[in-house]
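What follows is each chain in one-letter form.
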Amino acid sequence: MFKGTIIAQIIAVLAGVYLAKLYGEEAYGFLGGFISITSIASIIGTLELNNCIITSKTEKQSTNWFNFILVLIPVIVIIFFLQLFILSNFFFIEKIDLSIFYLSFIGSLIITYNLVHQNLFTYQKKFTTLSNIKIFISICTVIFQFLLFGHFNKLGLIFGFLIAQILLLTYNFNKNKKSIHNIVFNKIKKDIKSNNRLIKFLLPSNIINSLANHLMPILILTFFGAKEAGVYFFSIKVLAAPLFLISSSISQVFYQKSSELNNNSNRSELYATTKKIVTVNLVIIISFLFFINTLGIHFLNLLFENQWENLNLYILILSFLIMARSSFSPISSLIIVLDKNLIGLIFNSYLLIINIIAIYTGSIYNNILHVIFILSLFGGIGYFVILCFFLNHLKKTK
């Protein structure tokens, strides 16, 4: 599965750079807004009950949850977008093309369905299938985005992404057609009572986390336009590539090991393991950030022929945020392992508030760099503070 993740990420980054040159900042800005909306909607669309598919004790229970969530998704997504339309009517709809809004609705349904199918594959331990899916979706997305450039200069990236997701959805339903059956609602009702903490605690925390991580491209698109949103989204995509790989390779392994060490009250080894992972992560990300801010940025400027305004500054300023995020994200499962969910909720709320303060300040001074600077500085400080909190906590209790 990790091999598939690496291949998919390499394809996404390399092709993403070429497609960025091909389409330009504005198209990337629309894509950033689309991805952000669908990412938030996919969290809300399942009410986090998709976790029950994976944690079920029997295959019958897992498939029952799978079928229930398939029915639940359109209901929740429709309600979410109706509320979004009403609440955002003051500024969002007027400044962003309605087509982005409608495409985001369609995309949210498709993406959420695909995520639920992947949850079922995870329960069934079909890791080869999951690995192949990652490669398939990366290749198909790039191919269709390239083919559609001549027909849709601004929305080709979104249409290409959607077509690839539709093909994946067709494959998923065909693969899992034997798992589709009538829902046993009595069992669902009983299971919801035993898993009510998912809705009460995990859902609000994950929604806030999703907003904190994905809201900014929407806000920049709204207040500063598609070009600025495109430069921001592309900068984050390039800078976060190693973070994604690190998280994919380390997070699940660390989650399992940290749970085991904590359950065995072996806090000394847990502290040593955590400290080692943080150190290695920082060495890797600092090396990458040095490269991207020296040789990398010169390559991008030559490729884009200096057409992407402020790209150098965006990458430089956002490097601090990415460095801080990379130091904590791979070990963020400590929040669950050490039962510090309240700390996690406070931290995610802090990040969301920083997003709002940043965009408010930038809109007052009509300067996008104010937004980027506040977001990177205070967001980065927040990540380092929560990292120090957990390291100190482990050190004191080892």
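It should be noted that the structure appears before, not after, this text.
The paragraphs below set out a description of the structure included in this document. None of the values given here were measured: they were computed from a predicted structure.

Notes on the overall build of the protein
What the protein contains, in helices and strands, is 17 helices and zero strands. For 398 residues, the compact-globule estimate of 2.2 N^0.38 gives 21 Å, and the protein sits close to it at 21 Å. For the protein, the C-alpha atoms occupy an extent of roughly 60 × 50 × 40 Å along the three principal directions. Going through the 398 residues of the protein one by one, you find that 52% of them count as buried. For the protein, long-range pairs separated by at least 24 residues make up 83% of all intrachain contacts whose partners lie at least 6 apart in sequence.

A few points about the environment of Ile 207
With respect to the helices and strands, Ile 207 occurs in helix H10 (residues 196-224). For the pair Ile 207 and Ile 353, spaced 146 residues apart in the sequence, the C-alpha separation amounts to 14 Å. Setting aside its immediate chain neighbours within four residues, Ile 207 contacts Ile 43 and Ile 44.

Some points on the packing of aromatic side chains
All told, the structure shown has 22 aromatic pairs when counted by the stated rule. Note on Trp 65 and Phe 68: the rings are 5.9 Å apart at their centroids and 80° apart in plane angle, and the pair reads as edge-to-face. Of this pair, Trp 65 and Phe 68 both sit in helix H4 (residues 59-87), three residues apart, roughly one helical turn. A relative accessible area of 1% means that Trp 65 is categorised as buried. The exposure class assigned to Phe 68 is buried, which follows from its relative accessible area of 14%. Aromatic pair Phe 101 and Tyr 102: ring centres 6.1 Å apart, planes at 80°, arrangement edge-to-face. Residue classification places Phe 101 among the buried residues on the basis of a relative accessible area of 7%. One aromatic cluster in this structure is built from Tyr 28, Phe 233, Phe 234, Phe 304 and Trp 308.

Concerning unusual backbone geometry
In this model, Lys 125 sits at a positive phi of 60°, which is unusual for a non-glycine residue. At Asn 366, a position not held by glycine, the phi torsion is positive, near 50°. Relative to the helices and strands, Asn 366 resides in the loop between helix H16 (341-365) and helix H17 (368-397).

Quick word on the nonpolar core
Ile 158, Met 216, Ile 220, Tyr 232, Phe 234 and Leu 311 are the most contacted members of the largest nonpolar core, which has 111 residues in total. Membership of the second largest hydrophobic core comes to seven residues, among which are Phe 121, Leu 130, Ile 137 and Leu 168.

Description of a nonpolar patch on the surface
Together, Tyr 18, Ile 139, Ile 143, Phe 146 and Leu 147 make up an exposed nonpolar region whose accessible area comes to about 480 Å². At four residues, the largest contribution of residues to the nonpolar patch is made by helix H7 (residues 127-147). By secondary structure assignment, the location of Phe 146 is in helix H7. Owing to a relative accessible area of 43%, Phe 146 belongs among the partly exposed residues under this scheme.

What about the environment of Thr 63?
Structurally, the position occupied by Thr 63 is in helix H4. Classification of Thr 63 by relative accessible area gives buried; the value is 7%. If we skip the residues at most four places from it in the chain, Thr 63 touches Leu 120, Ser 179 and His 181. Looking at Thr 63, its side chain comes within polar contact range of the main-chain oxygen of Lys 60, at 3.0 Å. At 3.3 Å, the side chain of Thr 63 and the side chain of His 181 are in polar contact.

Details of the packing of H16 against H17
Contact geometry of H16 with H17 gives a least axis separation of 8 Å together with a crossing angle of 165°. Between H16 and H17, the angle is such that the two are roughly antiparallel. The handedness of the crossing between H16 and H17 is right-handed. Every residue of H17 that contacts H16 at Ile 343, Phe 347, Tyr 350, Leu 351, Ile 354, Asn 355, Ala 358, Ile 359, Thr 361, Gly 362 and Tyr 365 is listed here: His 370, Val 371, Ile 374, Leu 375, Phe 378, Gly 379, Gly 382, Tyr 383, Ile 386 and Phe 389.

Considering H4
Between the first and last C-alpha of H4 there are 41 Å, a value that for 29 residues agrees with the 42 Å anticipated at 1.5 Å per step. In the structure, H4 departs most strongly from a straight axis at Leu 72, where the bend amounts to approximately 30° and where the proline Pro 74 lies between one and four residues downstream.

Description of empty space enclosed by the protein
Empty space among the atoms becomes visible once a probe the size of a water molecule is rolled across them. Summed over all chains, the structure comprises one cavity of 30 Å³ or more. Quantified by volume, the largest cavity comes out at close to 40 Å³. Taken together, Ala 12, Val 13, Gly 16, Val 17, Tyr 28, Phe 234, Lys 237 and Val 238 make up the lining of the largest cavity. Those elements that provide at least two residues to the lining of the largest cavity are helix H1 (2-23) and helix H11 (226-239). Ranked by the residues each element gives to the lining of the largest cavity, the list is headed by H1, at four residues. Classifying every residue of the lining of the largest cavity gives six nonpolar, one polar and one charged.

Quick word on H11
Between the first and last C-alpha of H11 there are 20 Å, a value that for 14 residues agrees with the 20 Å anticipated at 1.5 Å per step. Across the 14 residues of H11, twelve count as buried, placing the element largely inside the fold. Among all positions in H11, only Ala 226, Glu 228, Ala 229, Gly 230, Val 231, Tyr 232, Phe 233, Phe 234, Ser 235, Ile 236, Val 238 and Leu 239 are buried.

Concerning the packing of helix H2 (residues 25-44) against helix H6 (residues 98-123)
Where H2 contacts H6, the two axes come as close as 8 Å, and the packing angle between them is 45°. The angle between the axes of H2 and H6 places the two elements in the oblique class. In the packing of H2 onto H6, the handedness of the crossing is right-handed. Taking contact as the criterion, the partners of Phe 30, Phe 34, Ile 37, Thr 38, Ala 41 and Ser 42 in H2 are, on H6, Ile 100, Leu 103, Ser 104, Gly 107, Ser 108, Ile 111, Thr 112 and Leu 115. Its residues assigned to classes, the contact of H2 with H6 shows eight nonpolar, six polar and no charged.

Calculation rules
- Residues numbered from 1 in each chain as written.
- Predicted model: local features only at pLDDT ≥ 70, side-chain atom pairs only at ≥ 80, totals over all residues.
- Heavy atoms only, no water.
- Helix = DSSP H or I, 4+ residues; strand = E, 2+ residues; numbered from the N terminus.
- Rg over C-alpha atoms; globule rule 2.2 N^0.38 Å.
- Buried < 20%, exposed > 50% of the residue type's maximum accessible area, 1.4 Å probe, protein only.
- Contact = heavy atoms within 4.5 Å.
- Phe/Tyr/Trp six-rings, centres within 6.5 Å; stacked < 30°, edge-to-face > 60°.
- Core = buried A, V, L, I, M, F, W, Y, C linked by side-chain atoms within 4.5 Å.
- Patch = residues over 30% accessible without salt bridge, like charges linked within 9 Å, V, L, I, M, F, W, Y side chains within 5 Å.
- Areas by Shrake-Rupley, 256 points an atom, 1.4 Å probe, with all protein chains shown as cover.
- Salt bridge = Lys/Arg side-chain N within 4 Å of Asp/Glu carboxyl O.
- Polar contact = N/O pair within 3.5 Å; in protein donor to acceptor, adjacent residues only side chain to side chain.
- Axes fitted to C-alpha atoms, helices over the stretch in contact; angles between N-to-C directions.
- Parallel < 35°, antiparallel > 145°, perpendicular 65-115°, else oblique.
- Left-handed = near helix turned anticlockwise from the far one by under 90°.
- Expected span 1.5 Å × (residues − 1).
- Bend = angle between axes of the 7 residues up to and from the residue.
- 1 Å grid on protein atoms, 1.4 Å probe; cavity = no way out; pocket = protein on both sides within 12 Å on 5 of 7 lines; lining within 4 Å.
- Points joined across faces, edges and corners; volume = space filled by probe spheres on them.
- Nonpolar A, V, L, I, M, F, W, Y, C, P; charged D, E, K, R; others polar.

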